[in-house]
Amino acid sequence: MTTMESLIGLVNRIQKACTVLGDYGGDDNAFSSLWEALPSVAVVGGQSSGKSSVLESIVGRDFLPRGSGIVTRRPLVLQLHKTEDGSQEYAEFLHLPKQRFTDFSVVRKEIQDETDRVTGKTKQISPVPIHLSIYSPNVVNLTLIDLPGLTKVAVDGQPESIVRDIEAMVHSYVAKPNCLILAISPANQDIATSDAIKLCREVDPTGERTFGVLTKLDLMDKGTDALDVLEGRSYRLQHPWVGIVNRSQADINKNVDMIVARRKEREYFATSPDYGHLANKMGSEYLAKLLSKNLESVIRARIPSITSMINNSIDELESELDHLGRPIAVDAGAQLYTILELCRAFDRIFKEHLDGGRPGGDRIYGVFDNQLPAALRKLPFDRHLSLQNVKRVVSEADGYQPHLIAPEQGYRRLIDSALNYFRGPAEASADAVHFVLKELVRKSIAETQELRRFPSLQAELAGAANQALERFREGSKKTALRLVDMESSYLTVDFFRRLPQEVDNGGNPASSTVDRYSEMHFRRIGSNVSSYVGMVSETLKSSIPKAVVHCQVREAKHSLLNHFYTQIGKKEGKQLSQLLDEDPALMERRQQCAKRLELYKAARDEVDSVSWAR
């Protein structure tokens, strides 16, 4: 295969792969840009200008619907693939995958049926293309797009906007800078009135992309010729005009073979007194080679930009696949491994939140540095140690016998009931840290990219983590409350040893009873209790955070999912599969992404091989 055939065959394969993936013509999809970057040839012309006959001459087969009025009512993307000599010719439609058509009359009927399926059996048009590939040793590698014929008036059954609609559709194809335009004009009409040339002037004013084709040369009035057009004097293009002699209606009716028609065309130009000197540059065979050669030049010029686009797309698709995740294995062992890996990924992020790699863990410090001290300051000790309450508690503790020195039972009751207030901040600290840890679990699950694919596993993991946090909270509360109870269970001996001197001035136990029940006496008791409670408060302000961190934060950091791992290890294959049930839309998206990536990598390899061969 020559370099030219490799280049054009490469473009054909990439274009076909794009259409197989359903990318061409889609709204805002990544692959439409690739299609547009690949050169192709659009065939334009007025109704009954001979477009269909030119295409059939290039292909060498009768395969297009015929009739009066608008016959081509949907774009036909025709990809020609040259095969080895002697191989069988066949056709394939994109909408009928894996079906080969060797009877081209059936191909014609399928084009008509597929057109009617979208437009109905009317004269309506549709921009949705039909994709047809023809494999034959008698063609050159080429992509041709047959477009509806330009018209000037609407006929019965057509909307008044049909003229503008067709022109807009054709314009959308030929305006692309990588599109070569095959402008078909009949020789028996004035070139100045050619619909195809008029459109080409608008989108390609320099004529660099336009290839002019004159049909029906054999139908011109006697004594006239088309030399002024063919030799570029009437309307000059960058590329030479090509004359075509199609089969006559009689030949079509007799089903004259296209190979025979090509031979007759060659004989016509070779023996024509008007066009004999141009015979080697006329005819459908020459036109196909001319298009193929120029298409190769365009492809060569576009290879660097195509390569860059393909490489960028590969990077984007690989990044998207990493985001979507790789396919899940089907055996239970691999599924269990996947689940454990996902759990470890979550666990790493959760620890990063606690250790400071990610935000959130600092809120736990805020509980101990701000909330706990504030809660301790708000405890109602002023009310509890008021003169009236101290007097009441001490008197109730004495019973019918007044205390002689220090009211020990009164002290114990005052301290015990005062220390009971510390239970509230102790429990609140455990609850506050629990709330922070739950929020960090939620954030960590959301931030674990790999988990986003599996909503069931997310829910199971969140449930297991929160259950573990509940257990840690209960343990933390018990420990913190035990610290409070320990403080009230045993009062320091030194405190009581100091009390006689503090209560009885000078250490005289024989002071009057009146002094022991004076207001100053009770105020001193309240002050002493307040001092002891303050000392305990400072101790608990340090010990409660230690208990909470040890029982909640440390446990969450080291054993948050231990119970979950135990339960997962007991599950069977079906249960594991249920945890890894992906969203079907996500699975489809990954599959399409993988196919596209495969297409782009294959395209890159082929472009590289062709580039090095140049």
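For the structure, check the block above.
Here is a short report on the structure shown in this document. (Residues numbered from 1 in each chain as written. Predicted model: local features only at pLDDT ≥ 70, side-chain atom pairs only at ≥ 80, totals over all residues. Heavy atoms only, no water.)

## Points about the overall build of the chain
Summing up its helical and strand segments, the chain has 23 helices and 8 strands in all. Sorting the 614 residues of the chain into buried and exposed places 48% on the buried side. Taking all contacts inside the chain whose residues are at least 6 apart in sequence as the whole, residues at least 24 apart take part in 81%. (Helix = DSSP H or I, 4+ residues; strand = E, 2+ residues; numbered from the N terminus. Buried < 20%, exposed > 50% of the residue type's maximum accessible area, 1.4 Å probe, protein only. Contact = heavy atoms within 4.5 Å.)

## What about the sheet that holds strand β7 (residues 210–215)?
Read from one edge to the other, the open sheet built from 8 strands follows the order β3-β4-β2-β5-β1-β6-β7-β8, with strand pairing classed as mixed. Two strands in the sheet have a free side with no partner beyond their single neighbour: β3 (90–93) and β8 (242–243). In this structure, strand β2 (residues 76–82) lies alongside strand β5 (residues 142–146), joined through 5 bridges in antiparallel fashion. For V77, the partnering residue across the bridge sits in β5 and is I145. (Pairing = 2+ DSSP bridges.)

## So, the environment of A556
Take A556: it is sitting in helix α20 (residues 519–559). In this structure A556 comes out as buried when scored by relative accessible area, which is 0%. The spatial distance from the C-alpha of A556 to the C-alpha of A465 is 8.6 Å, given a sequence separation of 91 residues.

## So, the pairing of β3
Every second residue of β3 is oriented toward a common face, with Y90 and E92 on one face and A91 and F93 on the other, all of them buried. Bridge count for β3 against strand β4 (residues 130–136) is 4 bridges, and the pairing is antiparallel. Following the sheet pairing, Y90 is matched in β4 by Y135.

## Considering helix α15 (residues 408–419)
For α15, spanning 12 residues, the distance from its first C-alpha to its last is 16 Å, which sits close to the expected 16 Å at 1.5 Å a residue. Every buried residue of α15 is accounted for by G410, Y411, L414, I415, A418 and L419. Angularly, the buried residues of α15 cover 150° about the axis, an arc narrow enough to put them on a single face. (Expected span 1.5 Å × (residues − 1). Arc of directions from axis to C-beta.)

## Overview of the pattern of salt bridges
In total, this model carries 27 salt bridges according to the counting rule given. The closest approach of N and O atoms between E320 and R589, which form a salt bridge, is 3.0 Å. Of this pair, E320 sits in helix α10 (residues 284–324) while R589 is found in helix α23 (residues 584–613), placing the two residues 269 residues apart along the sequence. Since its relative accessible area comes to 24%, E320 is described here as partly exposed. The partner of E352 in a salt bridge is R358, and the shortest N-O contact between them spans 2.6 Å. On the basis of relative accessible area, E352 is assigned to the partly exposed category, the value being 33%. Through salt bridges with shared partners, a single network forms among D431, E470, R473 and K477. (Salt bridge = Lys/Arg side-chain N within 4 Å of Asp/Glu carboxyl O.)

## Considering the packing of aromatic side chains
Scanning all chains against the criterion turns up 7 aromatic pairs. Note on F381 and F422: the rings are 5.5 Å apart at their centroids and 55° apart in plane angle, and the pair reads as tilted. Here F381 is found in helix α13 (residues 381–384), whereas its partner F422 is found in the loop between α15 and α16 (423–447), with 41 residues between them in sequence. For the residue pair F381 and F422, the accessibility class agrees, reading buried in each case. Connected via pairs of aromatic rings, a cluster forms that spans Y268, F269 and Y275. Seen from the ring of Y90, R100 lies directly overhead, with NZ or CZ sitting 4.0 Å from the centre. Over the ring of Y173 we find K176, and its NZ or CZ is 5.2 Å from the ring centre. (Phe/Tyr/Trp six-rings, centres within 6.5 Å; stacked < 30°, edge-to-face > 60°. Lys NZ or Arg CZ within 6 Å of the ring centre and 35° of its normal.)

## Remarks on the nonpolar core
Core analysis: the biggest nonpolar cluster contains 62 residues, and F346, F350, F422, L457 and L560 have the highest contact counts within it. Among the elements that line this core, the one with the most residues is α20, at 11 residues. Non-local contacts of F350, meaning those with residues more than four positions away in its chain, are made with L437, L440, V441, S444, A556 and L560. Judged by nonpolar contacts, the second largest core, of 52 residues, contains V43, F101, I111 and I184. (Core = buried A, V, L, I, M, F, W, Y, C linked by side-chain atoms within 4.5 Å.)

## Regarding the state of the cysteines
Cysteine pairs can be linked by a disulfide, which is a covalent bond between their two sulfur atoms. Applying the stated criterion across every chain, the model contains 0 disulfides. In this structure C200 is not part of a disulfide, and its nearest cysteine sulfur, from C179, lies 9.4 Å away. By relative accessible area, C200 is classed as buried at 3%. (Disulfide = S-S within 2.5 Å.)

## So, the packing of helix α12 (residues 362–377) against α20
Between α12 and α20, the shortest axis-to-axis distance is 11 Å and the interhelical angle comes to 145°. Our pair here, α12 against α20, has a crossing hand that is right-handed. Of α20, the residues touching α12 (which contributes I364, F368, L372, P373 and L376) are S537, K541, I544, P545, V548, V549 and V553. Classifying every residue of the contact of α12 with α20 by side-chain character gives 10 nonpolar, 1 polar and 1 charged. (Axes fitted to C-alpha atoms, helices over the stretch in contact; angles between N-to-C directions. Left-handed = near helix turned anticlockwise from the far one by under 90°. Nonpolar A, V, L, I, M, F, W, Y, C, P; charged D, E, K, R; others polar.)

## Here's the deal with unusual backbone geometry
In this structure, K98 is a non-glycine residue whose phi angle is positive, near 70°. Considering the arrangement of structural elements, one finds K98 in the loop between β3 and α4 (104–119). In this structure, K216 takes a positive phi of about 60° despite not being glycine. Inspection of the secondary structure puts K216 in the loop between β7 and α7 (227–230). Taking the relative accessible area as the measure of exposure, K216 reaches 24% and is therefore partly exposed.

Function cannot be inferred from these measures alone, as they are strictly geometric.
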